[in-house]
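Summary of the model geometry
Given next are the chains, with one letter for each unit.
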Amino acid sequence: MTQDPFVAHRSLLFTVAYEMLGSAADAEDVVQESWLRWADVDRSLVRDPRSYLIRVVTRQALNRLRTLSRRREEYVGEWLPEPLLTSPDVAEDVELAESVSIAMLTVLETLGPTERAVFVLREVFELPYGEIAEVVGKSAATVRQVARRAREHVAARRPRVRVSRSEQQAVVERFLSALRTGQLRELMEVMAPDVVLVTDGGGVVAAALAPLHGVEVVAPILARAHRLVASFDTTPVWLNGEHAGRIEIDGEPSAISVVVEDGRVTRIYVVRNPRKLTQLDEPSELVR
């Protein structure tokens, strides 16, 4: 019996929805909604199931993204994407790994829903402009203009330098070790002078409500962290296709992702909202 195209492409469809939404829970809901629509389709009329299903998922994700955008305006503090535990295999596809990184998903949050859809479908999944036009309800010429603006917007905000996996791993492990032991000098050495710390507690747990800037501010705060709780530990893990860390604070998990440039940490993303930490035990399969 031939495998249903939806089942065959399910991981791909989840990846599309996740890149659109930055939330695994919402991505799963979109995939389920898309399955219901696929179940009613006359398969004999679908020439390219992969492209067709991507279009269905994107339309559903766009609808949800417009709703979520209003909710996120009311979110307490900084909103960060939901981190996913991934296998090292995701990093083998360098472009995919970059597109699902916490840093990139945070940049994509600054795009409007249509711009985000166009960018993801074109730059990550390489769909033709004509197909993207069908999804977003605009002409192919307009989609080309939207794609250009989105690329420029993302290019101005993404990390300037792409580092090797070995350099990312070395800096992350050094950073996590200094964080675990509260070594102020080591933290200051491993972080760039203009480092930025962004924390997401969602109003549920303690977190800074706005980004913190500069190593003179960030390093002392991180150095004190392990002294303020009964137990504090850090573990290197793969999150969103790159080396990152899991922190256990009094037995409760947090996720930490960093941007590395020129051998130093330039941005730190810490997700503490427990509602966003449900995907840290079982690796998610991300493909394109």
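1. What about the overall build of the chain?
- A tally of helices and strands in the chain yields twelve helices and six strands.
- The C-alpha radius of gyration computed for the chain amounts to 20 Å, which stays within 12% of the reference 19 Å derived for 288 residues, consistent with globular compactness.
- Along the first, second and third principal axes, the C-alpha set of the chain runs to 65 × 40 × 40 Å.
- The 288 residues of the chain split such that 48% are buried.
- Long-range pairs, those at least 24 residues apart, make up 69% of the contacts in the chain with a sequence separation of at least 6.
- Surface accessibility of the chain: about 13600 Å² in total, with carbon and sulfur atoms responsible for 49%.

2. Concerning the pattern of salt bridges
- Within this structure, the stated rule accounts for 20 salt bridges.
- Taken together, the shared-partner salt bridges connect Asp-26, Asp-29, Glu-33 and Arg-64 into one network.

3. Notes on the packing of aromatic side chains
- Under the defined criterion, the tally for this structure stands at three aromatic pairs.
- Aromatic side chains Phe-14 and Tyr-18 sit 6.1 Å apart centroid to centroid with 10 degrees between the ring planes, which places their arrangement in the stacked category. Residue Phe-14 and its partner Tyr-18 are located together in helix α2 (residues 10-21), separated by four residues, close to a single helical turn.
- Overall, Phe-14 belongs to the buried group, its relative accessible area being 6%.
- Overall, the relative accessible area of 0% leaves Tyr-18 in the buried class.
- Sitting over the ring of Trp-79, Arg-72 keeps its end group 3.8 Å from the ring centre.
- Over the ring of Tyr-129 we find Arg-122; its NZ or CZ atom is 4.1 Å from the centre of that ring.

4. Details of the environment of Trp-35
- Its location among the elements puts Trp-35 in helix α3 (residues 24-39).
- Residue class for Trp-35 comes out partly exposed when judged on its relative accessible area of 33%.
- Separated by 25 residues in sequence, Trp-35 and Arg-10 have C-alpha atoms that sit 9.4 Å apart.
- Other than its neighbours up to four places away in sequence, Trp-35 contacts Asp-4 and Phe-6.

5. Digging into the sheet that holds strand β2 (residues 212-213)
- Taken in spatial order, the six strands line up as β2-β1-β6-β5-β4-β3 in an open sheet, and their pairing is mixed. Each edge of the sheet is formed by a strand with only one pairing partner; in this case those strands are β2 and β3 (232-239).

6. Focus on unusual backbone geometry
- A positive phi angle, close to 55 degrees, is found at Glu-126, a residue other than glycine.
- By secondary structure assignment, the location of Glu-126 is in the loop between α7 (113-124) and α8 (129-136).
- On the basis of relative accessibility, which here comes to 56%, the residue Glu-126 falls in the exposed class.
- With a phi close to 50 degrees, Asn-240 is a non-glycine residue in the positive phi region.
- For Asn-240, the location among the structural elements is in the loop between β3 and β4 (242-249).
- Taking the relative accessible area as the measure of exposure, Asn-240 reaches 0% and is therefore buried.

7. A short note on the side chain of Glu-242
- Within the secondary structure, Glu-242 is located in strand β4.
- Among the residues examined, Glu-242 registers a relative accessible area of 17% and is labelled buried.
- At a separation of 3.2 Å, a polar atom in the side chain of Glu-242 contacts the side chain of Ser-257.
- Beyond its immediate sequence surroundings of up to four residues, Glu-242 is in contact with Ser-101, Ile-102, Gln-168, Val-237, Ser-257 and Val-258.

8. As for α8
- Burial analysis of α8 places six of its eight residues in the buried class, the great majority of the element.
- Considered for burial, the residues of α8 that qualify are Tyr-129, Glu-131, Ile-132, Ala-133, Val-135 and Val-136.
- Packing partners of the buried residues in α8 comprise α4 (49-73), α7 and α9 (140-155).
- Backbone geometry just after α8 places Gly-137 at a positive phi near 70 degrees.

Calculation notes
- Residues numbered from 1 in each chain as written.
- Predicted model: local features only at pLDDT ≥ 70, side-chain atom pairs only at ≥ 80, totals over all residues.
- Heavy atoms only, no water.
- Helix = DSSP H or I, 4+ residues; strand = E, 2+ residues; numbered from the N terminus.
- Rg over C-alpha atoms; globule rule 2.2 N^0.38 Å.
- Buried < 20%, exposed > 50% of the residue type's maximum accessible area, 1.4 Å probe, protein only.
- Contact = heavy atoms within 4.5 Å.
- Areas by Shrake-Rupley, 256 points an atom, 1.4 Å probe, with all protein chains shown as cover.
- Salt bridge = Lys/Arg side-chain N within 4 Å of Asp/Glu carboxyl O.
- Phe/Tyr/Trp six-rings, centres within 6.5 Å; stacked < 30°, edge-to-face > 60°.
- Lys NZ or Arg CZ within 6 Å of the ring centre and 35° of its normal.
- Pairing = 2+ DSSP bridges.
- Polar contact = N/O pair within 3.5 Å; in protein donor to acceptor, adjacent residues only side chain to side chain.

Such coordinate-based values are descriptive only and should not be taken to indicate function.
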